[in-house]
Amino acid sequence: MNEKIHRGLSLPLIKHYLVNTYMFKKPGLFFFAAILAVWAKVAEQWSENSVPAKQADSAAETVWWQSFQDAVLNQLIDKAYQNNLSLQIAGARILEARARLNQTIGNLFPQQQVITGDLNYTRLNDGLISKLPGIDPDHVTDQLLFAATWEIDFWGKYRRSIEAEEATYLGSVAAYEDALITLISDVAASYVNIRTLEERLGVAARNVETQTESLRIATAQFQAGETGERDVQQATTQLAQTEAQIPRLEETLRQTKNGLAVLLGETPDQMDRILNGPGRIPPSPARVAAGIPKDLLRRRPDVRQAERAAASKSALIGAATADLYPSFSLSGQLGASANNQGQNSLTDIFNWSSRDLSAGAGFTFPIFNYGRLVNQVRVQDAQFQQAVLNYQNTVLVAQQEVENGLASFVCQQQAVDRLTQAASAARRSTELAMLQYKEGQTDYTTVLTAEQAQLSVEDALASSRGGVVQGIISVYRALGGGWEICQGQDVVSEETKAKMAERTPWGKLLEPSQHMPASMVEKDTTHAEEVQYPQINGSIKP
């Protein structure tokens, strides 16, 4: 397998599961085999790729939307990044996963550490007191103990659980990045759709003007007795049909704006102000640098998320297998007790002579469990297999999405070229048909046919121009471009963190350095023999 692929995506995880699995190495080997199987099904080149592979670095650039040179689009994406609630939900899941990882790490230490204390009062039976002179009938005892129990991680059960939670945590970071890619792409697609609808409304409005003039001419011809009433009725029908398209387009436009408002975390009534009125469809570049699949698919967060899900399930096989073997534990307690009988006093609890000390060791070997533990291993193995198949499917789907985006981009470009010629010819045809009609050289059916063709072609041209840009957006979405803007940033707003800190003692875990890795890519290229505490620089102001 390509060394760059090893280094960029899978090598640390493979190393993690092969080197640090203690006696349970099979899950790591199975995971390694799954990685090989996945990358064996990655294509060497895109079917529609027209840009040399050496330009791959520019394919999924961090701020690809800025290549459209549209200031409004840039502002919309910035606003969505700051305010989108679904993205912040994904960020809160990172905090949850980080807390779960810390909780699991705690199992490496004594699992039970408690301080107990009690004070008991007993009134002795009067009959007993009469037989035991000198005994105080009011019997009071107090006790203070520190107790600890530690199940030794002899078979690596807790370490396997930590590996699983670490993979889950990193998967939550990848899920956040994938949500960010989706958000950016959805905002860009919605914006382009809005501009496309505005242009289609413009086409309809211009055709209404043309057809209104045609109706005026047909009416004048009829009133002069040069034509029949049918021409007037045909012109009226054509005009009414074109005018009827406008409300439908306006309804779709309003719905699209409302959808964009949700992405921005705004109310719908603010959209016209934010969009700053109608605008043009952003111009598209002539080519897209798609690179090669193996260089770019490894950047997709959903692929990394699927890989980490498989890694987590692999580790859980080892954790479940450890339950088949004896568990060894140490226990002990240290404290003091006192009573009020005779010369004793409850304050004697603070004397060294009142100490209580006990220690012990033991083991538990599960037998006659009627297949429960073995079947738990089977459950984990089946879940691991599901995760591997999902990982393989995610890679295949990723390739499909890129191919579909490239095909859409290329085909829409070709359609725009043809429709541009067709629209020019349709407009000229309408002009000639109207001139001939005025001169009595043709009937109104010719004019009607020309106007219908013009409206259809110009509307299709506007849609295809928007389709070219949508194709580019789908390519960048499929290539996994755009998530890099969250690097060095936090995943929840300062306002949200303040509310969480007010409710719960989060301590330093809300600091970015404690819950975010510096970079998913950097994380992939580090050694993973031990649990790494993520580090990050910078902050965000969402």
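Below, the structure is looked at part by part. Here the structure is a predicted model, which means the values were calculated and not measured.

About the thresholds
Residues numbered from 1 in each chain as written. Predicted model: local features only at pLDDT ≥ 70, side-chain atom pairs only at ≥ 80, totals over all residues. Heavy atoms only, no water. Helix = DSSP H or I, 4+ residues; strand = E, 2+ residues; numbered from the N terminus. Contact = heavy atoms within 4.5 Å. Salt bridge = Lys/Arg side-chain N within 4 Å of Asp/Glu carboxyl O. Buried < 20%, exposed > 50% of the residue type's maximum accessible area, 1.4 Å probe, protein only. Axes fitted to C-alpha atoms, helices over the stretch in contact; angles between N-to-C directions. Parallel < 35°, antiparallel > 145°, perpendicular 65-115°, else oblique. Nonpolar A, V, L, I, M, F, W, Y, C, P; charged D, E, K, R; others polar.

**Description of the environment of S161**
Inspection of the secondary structure assignment puts S161 in helix 6 (residues 157–223). As for S161 and I105, which are separated by 56 residues in sequence, their C-alpha atoms are 8.5 Å apart. Beyond its immediate chain neighbours, meaning those up to four positions away, S161 contacts T104 and A319.

**A closer look at the pattern of salt bridges**
The tally for this structure, following the rule as stated, stands at 22 salt bridges. Among the ionic pairs, R308 bridges to E307, the shortest N-O distance being 3.7 Å. Owing to a relative accessible area of 2%, R308 belongs among the buried residues under this scheme. Of the residues examined, E307 reaches a relative accessible area of 0% and is grouped as buried. The residue E458 makes a salt bridge to R427 at a minimum N-O spacing of 2.8 Å.

**Quick notes on the packing of helix 3 (residues 71–83) against helix 7 (residues 229–264)**
Helix-helix packing is described using two parameters, namely the angle between the two axes and the distance between the axes. For the pair helix 3 and helix 7, interaxial distance at closest approach is 7 Å and the crossing angle is 50°. On the basis of their axis angle, the class for helix 3 and helix 7 is oblique. Across from L76, K79, A80 and N83 in helix 3, the residues of helix 7 making contact are L260, L263 and L264. Split by residue class, the contact of helix 3 with helix 7 holds five nonpolar, one polar and one charged.

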